Amino acid sequence: MTEKSALIVIDMQNDFCPGGALAVSGGNDIVAGINALMPAFDAVILSQDWHPAGHSSFASSHPGAAPMSVIEMPYGPQVLWPDHCIQGSHGAAFHPDLRIDGDLIIRKGFNPAIDSYSAFFENDHTTPTGLEGYLRTRGINAITLVGLALDFCVNYSAVDGAQLGFDVTVRPDLCRAIDFDGSRDAALSAMKKAGVTLA
Ligand code: VGL
Ligand code: ZN
């Protein structure tokens, strides 16, 4: 079978870059490299973290809870984040230097009661975002992931993609990690175990 490949650019948004509400160190350093990679793919897809105000993943929605603490949600443990990527805000907008002339923008995290790290499924691991159907109906079987954050949204998207049967590559050089409580190393192991190529 001939490979048809998509570049999936994860959450390259102002809030995940230095100066943003959930800044990932060095997040802005990867924009030029990501732009330069785009022409090599049959399709370019951008994901956009897109939360309503008062989202259940925000510490501010849980009285007394500190940002970066973990609570138990009906779908499992959930890190409580600072308010970030609120729909329509400057923080939710893409980094101003990112090329956004790709084929598809897939938004996630808009359900007030469920977070969505993965670009394929919400954090209940069952509610699809529609990305799988888009890729399959376009005949795309290989995906390369870059962006933010390596240990959360890139990791969950890569593992889900591999479990769905896509040929998944992650470019850690074009990702940056939050690295909270060993999450970067844990994510690299989880991706390897799932059969993701770390190139
Ligand atoms: C992300 C935490 C919360 C990410 C999104 O893009 O990795 N992390 N929302
Ligand atoms: Zn989020």
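Residues numbered from 1 in each chain as written. Chains lettered and ligands numbered in written order. Predicted model: local features only at pLDDT ≥ 70, side-chain atom pairs only at ≥ 80, totals over all residues. Heavy atoms only, no water.

K.L.:
Explain the environment of Ala23 here, please?
P.N.:
Mapped onto the elements, Ala23 comes out in the loop between β1 (5-10) and α1 (31-37). Look at Ala23 and you get partly exposed, because its relative accessible area is 41%. A sequence separation of 10 residues divides Ala23 from Gln13, and the C-alpha atoms of the two residues are 9.7 Å apart. Apart from the residues lying within four places of it in its own chain, the contact partners of Ala23 are Asp15, Phe16, Cys17 and Pro18. (Helix = DSSP H or I, 4+ residues; strand = E, 2+ residues; numbered from the N terminus. Buried < 20%, exposed > 50% of the residue type's maximum accessible area, 1.4 Å probe, protein only. Contact = heavy atoms within 4.5 Å.)

K.L.:
Please clarify how the coordination of the zinc ion (ligand 2) should be interpreted in this entry.
P.N.:
Put simply, a metal with four donors set out as a tetrahedron has ideal angles of 109.5 degrees, and one with six donors set out as an octahedron has ideal angles of 90 or 180 degrees. Around the zinc ion (ligand 2), the protein supplies Asp49 (OD), His51 (NE2) and His84 (NE2) as donor atoms, at distances of 2.0 to 2.2 Å. If you list the donors of the zinc ion (ligand 2) from N- to C-terminus, the spacing comes out as D-x1-H-x32-H. Within this pair, whereas Asp49 is found in strand β2 (residues 43-49), its partner His84 is found in the loop between β4 (76-79) and β5 (104-108), the two being separated by 35 residues in sequence. Accessibility expressed as a relative area gives 3% for Asp49, which makes it buried. (Donors = N, O, S within 2.8 Å, 3.2 Å for Na, K, Ca; no water.)

K.L.:
So what exactly am I meant to see when it comes to the site of ligand 1 here?
P.N.:
In the vicinity of ligand 1, the residues found are Asp11, Phe16, Leu22, Asp49, Trp81, His84, Leu148, Ala149, Phe152 and Cys153. A distance of 3.1 Å separates an oxygen atom of ligand 1 from a polar backbone atom of Ala149. Its residues assigned to classes, the shell around ligand 1 shows 7 nonpolar, 1 polar and 2 charged. (Near = heavy atom within 4 Å. Polar contact = N/O pair within 3.5 Å; in protein donor to acceptor, adjacent residues only side chain to side chain. Nonpolar A, V, L, I, M, F, W, Y, C, P; charged D, E, K, R; others polar.)

K.L.:
So what exactly am I meant to see when it comes to the packing of aromatic side chains here?
P.N.:
Under the criterion given, the structure shown has 5 aromatic pairs. Taking the centre distance of 6.3 Å and the plane angle of 80 degrees together, the rings of Trp81 and Tyr117 count as edge-to-face. Within this pair, whereas Trp81 is found in the loop between β4 and β5, its partner Tyr117 is found in the loop between β5 and α2 (131-137), the two being separated by 36 residues in sequence. Neither residue differs from the other here; Trp81 and Tyr117 are each classed as buried. (Phe/Tyr/Trp six-rings, centres within 6.5 Å; stacked < 30°, edge-to-face > 60°.)

The quantities given are spatial measurements derived from coordinates; they are silent on function.
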